Amino acid sequence: MQRVRHSKQRDAIKAYLLSTTSHPTAEAVYKQLQSDFPNISLGTVYRNLNFLVDHGEALRLDMGDGNDHFDGNVMPHNHFFCRKCHHVLDLEMDGINHIDVIANAGFDGIIEGHTIYFTGLCPDCAQAKMP
């Protein structure tokens, strides 16, 4: 088994993801860390984000806007994507794990989980749209 090398940059990336609910892109993480790590490259940020995702320490969210967004909260929860400002928000709601049972009822394979993104207008964009 290969030993994973400790990295201050990876620790900083993970700490930043845990400190925010903004679901940043790799570019946003890069900009956030540049003051503490002036020599960090965008490639290093991408590699470390991929490492965290591959090791179950972060989530990668593809919201359909052409950017991967990252979340340090790996506990099951749902997300909302604003179609206007492209913000990604956590939704506070009861679990919907029963949807796996419903989906599996008409499926010959095995459903092991689901990913659902809710879309629409966030509170700020919805407020701006009102006359």
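Please refer to the structure higher up on the page.
Residues numbered from 1 in each chain as written. Predicted model: local features only at pLDDT ≥ 70, side-chain atom pairs only at ≥ 80, totals over all residues. Heavy atoms only, no water.

(A) Spatial organisation of the packing of aromatic side chains. This model, assessed by the stated rule, comprises 0 aromatic pairs. Sitting over the face of the ring of Phe51, Arg10 holds its NZ or CZ atom 3.9 Å from the ring centroid. (Phe/Tyr/Trp six-rings, centres within 6.5 Å; stacked < 30°, edge-to-face > 60°. Lys NZ or Arg CZ within 6 Å of the ring centre and 35° of its normal.)

(B) Representation of the nonpolar core within the structure. Counting residues in hydrophobic clusters, the biggest one holds 16 residues, and the most contacted among them are Ile13, Leu17, Val29, Leu33, Val45 and Leu49. Among the elements of the structure, helix H1 (8–19), helix H2 (26–33) and helix H3 (42–54) are those that each provide at least two residues to this core. With residues up to four places along the chain from it excluded, the contact list for Ile13 reads Val29, Leu33, Val45, Asn48, Leu49 and Leu52. (Core = buried A, V, L, I, M, F, W, Y, C linked by side-chain atoms within 4.5 Å. Buried < 20%, exposed > 50% of the residue type's maximum accessible area, 1.4 Å probe, protein only. Helix = DSSP H or I, 4+ residues; strand = E, 2+ residues; numbered from the N terminus. Contact = heavy atoms within 4.5 Å.)

(C) Spatial organisation of the side chain of Thr20. By the element assignment, Thr20 lies in the loop between H1 and H2. Side chain to side chain, Thr20 and Ser22 meet in a polar contact 2.9 Å long. (Polar contact = N/O pair within 3.5 Å; in protein donor to acceptor, adjacent residues only side chain to side chain.)

(D) Broad picture of the packing of H2 against H3. The interhelical angle for the contact between H2 and H3, taken along N-to-C directions, is 115°, at an axis separation of 9 Å. Considering the relative orientation of H2 and H3, their crossing is right-handed. Where H2 abuts H3, its residues Ala26, Glu27, Val29 and Tyr30 lie against Leu42, Val45, Tyr46 and Leu49. Here the residues of the contact of H2 with H3 are counted per class, giving 7 nonpolar, no polar and 1 charged. (Axes fitted to C-alpha atoms, helices over the stretch in contact; angles between N-to-C directions. Left-handed = near helix turned anticlockwise from the far one by under 90°. Nonpolar A, V, L, I, M, F, W, Y, C, P; charged D, E, K, R; others polar.)

(E) Structural detail: H1. The end-to-end C-alpha separation of H1 is 16 Å, in line with the 16 Å expected for 12 residues at 1.5 Å each. Regarding H1, the residues found buried are Arg10, Ala12, Ile13, Tyr16 and Leu17. Along the axis of H1, the buried positions cluster into a sector of 160°, meaning they face one direction only. For H1, the exposed residues lying more than 90 degrees away from the buried face are Lys8, Leu18 and Ser19. Its buried side turned inward, H1 meets H2, H3 and strand S2 (68–71). (Expected span 1.5 Å × (residues − 1). Arc of directions from axis to C-beta.)

(F) Focus on H3. With 13 residues, H3 should reach 18 Å at 1.5 Å per residue; the first-to-last C-alpha distance of 18 Å fits that figure. Listed as buried for H3 are Thr44, Val45, Asn48, Leu49, Phe51, Leu52 and Val53. The positive-phi residue at the C-terminal boundary of H3 is Gly56, with phi of around 70°.

(G) Geometry of the pattern of salt bridges. The full count for this structure, using the stated rule, is 1 salt bridge. Among the ionic pairs, Glu57 bridges to Lys14, the shortest N-O distance being 2.8 Å. Separated by 43 residues along the polypeptide, Glu57 in the loop between H3 and strand S1 (59–62) and Lys14 in helix H1 bring together distant segments of the chain. Lys14 sits in the partly exposed class, given a relative accessible area of 29%. (Salt bridge = Lys/Arg side-chain N within 4 Å of Asp/Glu carboxyl O.)

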